[in-house]
Amino acid sequence: QRLSGPAEQRLLELLSYGLVVLGAASALLLCFIPMPYGRYSSRRFGCLLPARPAWLLQELPALLIPLGLAACSGAARVAERPNGVLLGLFVVHYAHRALVFPLLIREGKPTPLFTFVLALLFCVYNGYLQGRSLSNYAKYPSTWLKEPFFIAGFLGWLIGMAINIHSDHILRNLRKPGETGYAIPRGGMFEYVSGANFFGEILEWFGFAIACCTIQSLAFALCTLFILGSRAKQHHQWYLEKFEDYPKSRKILIPFVY
Ligand code: NDP
């Protein structure tokens, strides 16, 4: 028998706690080993896959699963406007991440199979978690889209996504076609933090969590903070080691704070 109703709601709650634990455990592990992709890519973690198809395939489940769940879930809440809009925010992000971002990558380092599989599993897990909770269970008053929580969260999501896309654009343009090296990123939020793209992504998912007010969305935001916070710290240390003229006032992740 298919899991549904209170039993599935309980499962979604447990998966949310699981996501936070996974994020925290990864952050702990990442204190010792950098996440093996991009500049830390290594053959020790399996055969190397080209960056573009790896990003496309690993991120695609987070786009297709919520869309599939929304399409299949009979008496779905997604027909209600707040649920449809909130699910739309998630889908818009992953449409960009899975379909646009890989096409724009310039000479990205290959992804080890291990990292690819982890990212793929994460996208399946989280695609189901966010997709199912928003398409079937989260309940909102019909006025939710006019309420302060939604408006504040939506603005956070929007500004975060803009910072993320703009910062990734700055990074991409540090390389001319055919180049594979690294340079000091300048401009935009990089004037304040080394992990400007990560800061944008974290802001985006905390905005989403405020707009959704679900335990599932909060778990995703916390998991993103743990994982990308560690990656920002590693990048910051890496820049300080590689570039003598790296701006000393630049923080790691949060402007003026950290
Ligand atoms: P990075 O900042 O490590 O790299 C982004 C791209 O820019 C890569 O193609 C990289 O090349 C290139 N690049 C980075 N720094 C430089 C530099 N100094 N000079 C030249 N080129 C540079 O980001 P990630 O690859 O870790 O992440 C990409 C996107 O995915 C980000 O927007 C991030 O927020 C998102 N993401 C989200 C996660 C989540 O949990 N929600 C998890 C991981 C990523 P190369 O590959 O050769 O290093």
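Cut-offs applied
Residues numbered from 1 in each chain as written. Predicted model: local features only at pLDDT ≥ 70, side-chain atom pairs only at ≥ 80, totals over all residues. Helix = DSSP H or I, 4+ residues; strand = E, 2+ residues; numbered from the N terminus. Rg over C-alpha atoms; globule rule 2.2 N^0.38 Å. Buried ≥ 20, exposed ≤ 12 C-beta atoms within 10 Å, placed from the backbone. Contact = placed C-beta atoms within 7 Å. Core = buried A, V, L, I, M, F, W, Y, C linked by C-beta atoms within 7 Å. Expected span 1.5 Å × (residues − 1).

### Quick look at the overall build of the protein chain
In step 1: The secondary structure content of the protein chain amounts to seven helices and two strands.
In step 2: Along the protein chain, from the amino end to the carboxyl end, the secondary structure elements read α-β-α-α-β-α-α-α-α.
In step 3: Computed over its C-alpha atoms, the radius of gyration of the protein chain comes to 19 Å, within 12% of the 18 Å expected for a compact globule of 258 residues.
In step 4: Oriented by its inertia axes, the alpha-carbon framework of the protein chain measures out at about 60 × 40 × 35 Å.
In step 5: Sorting the 258 residues of the protein chain into buried and exposed places 40% on the buried side.
In step 6: Look at the contacts in the protein chain between residues 6 or more apart in sequence, and 83% of them connect residues 24 or more apart.

### Some points on unusual backbone geometry
In step 1: One non-glycine residue, E107, lies in positive phi territory at about 50°.
In step 2: In this model, F256 sits at a positive phi of 70°, which is unusual for a non-glycine residue.
In step 3: Along the chain, F256 turns up in the segment after α7 (215–242).
In step 4: You can call F256 exposed: it has 8 C-beta atoms within 10 Å.

### Remarks on the nonpolar core
In step 1: Within the largest apolar cluster, 55 residues are counted, with the highest numbers of intra-cluster contacts made by F199, I202, F208 and A211.
In step 2: Among the elements of the structure, α1 (5–30), α2 (51–72), α3 (81–104), α4 (113–137), α5 (148–172), α6 (196–212) and α7 are those that each provide at least two residues to this core.
In step 3: In terms of residues, this core owes the most to one element, α6, which gives 12 residues.
In step 4: Beyond its immediate stretch of four places on either side in the chain, F208 contacts L89, F90, G153, W157, S217 and A221.

### Comments concerning α6
In step 1: Its 17 residues give α6 an end-to-end C-alpha distance of 24 Å, which sits within 8% of 24 Å, the value for a rise of 1.5 Å per residue.
In step 2: With respect to burial, α6 is a largely interior element, 17 of its 17 residues being buried.

### Topic: the environment of F45
In step 1: Summarising the element assignment, F45 is placed in the loop between α1 and β1 (48–49).
In step 2: Classification of F45 by C-beta neighbours within 10 Å gives buried; the count is 20.
In step 3: Between the C-alpha atom of F45 and that of F101, which follows or precedes it by 56 residues, the distance is 24 Å.
In step 4: Ignoring anything within four residues of it in the chain, the contact list for F45 reads P36, P112, L113, F114 and T115.

### Looking at the environment of C123
In step 1: Locating C123 in the fold gives a position in helix α4.
In step 2: Under the C-beta neighbour-count criterion, C123 is labelled buried, with 22 such atoms within 10 Å.
In step 3: The sequence separation of C123 and I65 amounts to 58 residues, and the corresponding C-alpha distance is 9.0 Å.
In step 4: Discounting residues that sit within four places of it in the chain, C123 has contacts with Q58, E59, P61 and A62.

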